[in-house]
Amino acid sequence: MTSIDLLVESFQRIRDAVYPTVNGLSPDDLAFRPEAESNSIAWLVWHLTRVQDAQVAGLDGSEQVWTRSGWAERFALPLDPTDTGYGHDPRTVALVTGDAASLLGYYEDAHEKTLAFVRSLDESDLSRVVDRTWDPPATVSMGLVNIIVDDLQHVGQAAYVRGIVQRRVLR
């Protein structure tokens, strides 16, 4: 298995976790927050997708799927189109809502763009420096691994919230 194969497999596993976390939930379920300071499934999946979309666009020099494919307009969130969720307070988290089809549609578009970018790389591309302000300088591979780590953390959090939502329904 090459490094590229490993990266593709990692992004596929994120996808394999996103779908069962979101599928079958109502917009109210997706917006549920266990406590006022918590993140919802909708926010977590939107955020992990926004981060992946924005960071891959930064790595490949392209426009984000969020704006290019009209997802910003479809979601119609009262946020700046460049917003990815970093630093959101509880009030702003509550503004991020969506239905399962929209969340998964946007995720799928960003995922496909990510896979196309990763598959276009060769081993030497992975060591290309993209940001010299870091010590050591950040490379394409570091950027992709950062996306994977962030996405896995957030999809795990969303799956945990889904478990809470499902237990609420059973009571």
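Residues numbered from 1 in each chain as written. Predicted model: local features only at pLDDT ≥ 70, side-chain atom pairs only at ≥ 80, totals over all residues. Heavy atoms only, no water.

(A) Molecular detail of the overall build of the protein chain. Across its full length, the protein chain carries 9 helices and 2 strands. Each helix and strand of the protein chain, ordered N terminal to C terminal, gives the series α-α-α-α-α-α-α-α-β-β-α. For 171 residues, the compact-globule estimate of 2.2 N^0.38 gives 16 Å, and the protein chain sits close to it at 16 Å. For the C-alpha atoms alone, the extent of the protein chain along its principal axes is close to 55 × 35 × 30 Å. The buried share of the protein chain, taken over its 171 residues, is 48%. Restricting the contact set of the protein chain to residue pairs at least 6 apart, pairs at least 24 apart contribute 74%. Surface accessibility of the protein chain: about 8,700 Å² in total, with carbon and sulfur atoms responsible for 53%. Counting 15 positive and 25 negative side-chain charges, the protein chain places the averaged centre of each group 5 Å from the other. (Helix = DSSP H or I, 4+ residues; strand = E, 2+ residues; numbered from the N terminus. Rg over C-alpha atoms; globule rule 2.2 N^0.38 Å. Buried < 20%, exposed > 50% of the residue type's maximum accessible area, 1.4 Å probe, protein only. Contact = heavy atoms within 4.5 Å. Areas by Shrake-Rupley, 256 points an atom, 1.4 Å probe, with all protein chains shown as cover. Lys, Arg positive; Asp, Glu negative; His and termini not counted. Charge placed at Lys NZ, Arg CZ, Asp CG, Glu CD.)

(B) Here's a closer look at the environment of I14. Along the chain, I14 falls in helix α1 (residues 3–22). Residue class for I14 comes out buried when judged on its relative accessible area of 0%. Residues in contact with I14, not counting those within four places in the same chain, are Y107, I148, D151 and L152.

(C) Structural detail: helix α3 (residues 41–60). Relative to the 28 Å expected for 20 residues at 1.5 Å per residue, α3 spans 28 Å between its end C-alpha atoms, a close match to the ideal helical length. In terms of residue burial, α3 counts as a mostly covered element, since 17 of its 20 residues are buried. Taken from the residues just after α3, G61 is the one with a positive phi, measuring 70°. (Expected span 1.5 Å × (residues − 1).)

Remember, this is a structural readout, not a statement about activity or role.
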